[in-house]
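Architecture at a glance
So the chains spell out like this:
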Amino acid sequence: MRAKAVEPARNPDVSNQGWNPATNPAVRELLDHLADELAKEYIRLMKQAEKVTPAIDPNDGGHRK
Amino acid sequence: MTARQEWTLSEAARFLAEPQHRLIYLCEKGVVVPDFAIAKGRGSSRRFSARNLLEFAVVLKLRELTLPVDTVAAIIHVLRAFETKVADEIKGFDLIHSLRGKNAPDLRIIISDGRLLYFSLGVGAGDRKLFGGIDFHNLATGKIKPTTIRKEKIASNEIGKEVTRKPASPALEFGGPEGSKHARIEISVTRIAKDLPLDG
């Protein structure tokens, strides 16, 4: 049997619903806003971890006392 | 640190234990954009970064759960935009290495009741924050414009606001912080990133 290069188009699970961010600027804008909020929180968590976690000694196998 | 920087299509397929045509399909749909795509004459050569491998791994997991391609594309778009925005603030930031690091925030994707997209972020067993609440079905049918959804859905789901778990009740025990009624899918992007065998 010959291998197919694409998944079958008849499968409703793969149909294009018209709101792919690659083709819909309004959807992209909405998703970018969500990404922005996520980024702010991620940065906050990273900074928080830096404060809480003491420096890791690479000569100690990465373990902290 | 990851030693390798680039993977060819066949290498990526082997790495992910997936047939090449599935990866090609996801590229052609614009779900995963190869970081090192090179056009050569009439053909093209796709080369993938470690970030692409993480994207594929997340996508394949979501597709395993039969989420539509457009839903998956939206999720990957958020992950990409999120990484870009963090990198704007933190020089040299790259998502996959950050997620694989010690004490990395746990980034999760939640699909609530088959139609609402959320992300959650937290560290360890501490409180998690919930983001989103985008209704894919309404977007697909055009019933609600994205700008309206941003106002009504994201704001009403208190984007960025800390989620406080309420006292257990039968309904809340099932629904998670987002309050799913009947069904929920939750995927840890952090766990997927940590499990990728990139250091070998």
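Note that the structure is predicted; figures quoted are calculated from it, not measured.

Details of the overall build of chain B
Check the secondary structure of chain B and you find 9 helices and 8 strands. Evaluated residue by residue, chain B yields a buried proportion of 36% over its 200 residues. By sequence separation, contacts in chain B at least 24 residues apart represent 54% of the contacts at least 6 residues apart.

A look at the sheet that holds strand S8 (residues 184-188) of chain B
Here we have 4 strands laid out as an open sheet, ordered S7-S6-S5-S8 (chain B), and antiparallel in their pairing. The sheet is open, and its two borders are formed by strand S7 (128-135) and S8 of chain B, each paired with just one other strand. Taken pair by pair, the neighbouring strands of this sheet meet at an average axis angle of 20 degrees, ignoring direction. Where helix H1 (residues 25-52) of chain A meets the sheet, its contacts fall on strand S6 (116-122) and S7 of chain B, and the angle it forms with S7 of chain B comes to roughly 175 degrees.

Here's the deal with the nonpolar core
In summary, soluble globular proteins display a tendency toward joint burial of nonpolar side chains. If you look at the biggest cluster of nonpolar residues, it comprises 53 residues, and the most contacted ones within it are Leu38 of chain A together with Val59, Val72, Ile75, Ile76 and Val78 of chain B. Tallying contributions element by element places helix H4 (residues 69-89) of chain B first for this core, with 11 residues. Here valine 72 of chain B is in contact with Val31, Val59, Leu62, Arg63 and Leu67 of chain B, once residues within four sequence places are set aside.

Details of the pairing of S7 of chain B
The side chains of a regular strand alternate, residue by residue, between the two faces of the sheet. All names here are of chain B. Most of S7 is tucked away, with 6 of its 8 residues classed as buried. Summarising the sheet, S6 and S7 pair through 7 bridges and their orientation is antiparallel. Its bridge partner being in S7, tyrosine 118 is matched across the sheet by glycine 132. Taking the residues between adjacent antiparallel strands as the criterion, S6 and S7 are bridged by 5 residues, where glycine 124 takes a positive phi near 55 degrees.

Considerations on the environment of valine 69 of chain B
Residue and element names in this part refer to chain B. Checked against the element boundaries, valine 69 lands in helix H4. For valine 69, a count of 23 C-beta atoms within 10 Å gives the class buried. The sequence separation of valine 69 and valine 59 amounts to 10 residues, and the corresponding C-alpha distance is 8.7 Å.

Side note on H4 of chain B
The periodicity of an α-helix, 3.6 residues per turn, causes residues three or four positions apart to be oriented the same way. For H4 of chain B, with 21 residues, the first-to-last C-alpha span of 31 Å sits near the 30 Å given by 1.5 Å per residue. Where burial is concerned, most of H4 of chain B is hidden: 16 out of the 21 residues are buried.

Rules used throughout
- Residue positions are counted from 1 within each chain, in the order its sequence is given.
- Here the convention is simple: chains get letters from A, ligands get numbers from 1, in the order in which they are written.
- Totals for whole chains, interfaces and linings use all residues, but because this is a predicted model, local features are given only for residues with pLDDT of at least 70 and pairs of side-chain atoms are given and counted only at 80 or more.
- Per the convention used, a helix needs a DSSP run of H or I reaching at least four residues, while a strand needs a run of E reaching at least two, with both numbered from the N terminus.
- Backbone-placed C-beta atoms define the burial measure: a residue is buried with 20 or more other C-beta atoms within 10 Å of its own, exposed with 12 or fewer, and partly exposed in between.
- We call two residues in contact when the distance between their C-beta atoms, placed using the backbone, is within 7 Å.
- Any two strands with at least two DSSP-identified bridges between them are counted as paired.
- For helices, the fitted axis covers only the stretch in contact; all axes are lines through C-alpha atoms, and the angles between them, taken along N-to-C directions, range from 0 to 180 degrees.
- Under the definition applied here, buried Ala, Val, Leu, Ile, Met, Phe, Trp, Tyr and Cys residues are grouped into a nonpolar core through C-beta atoms within 7 Å.
- A helix is expected to reach a length of 1.5 Å times the quantity of its residues less one.

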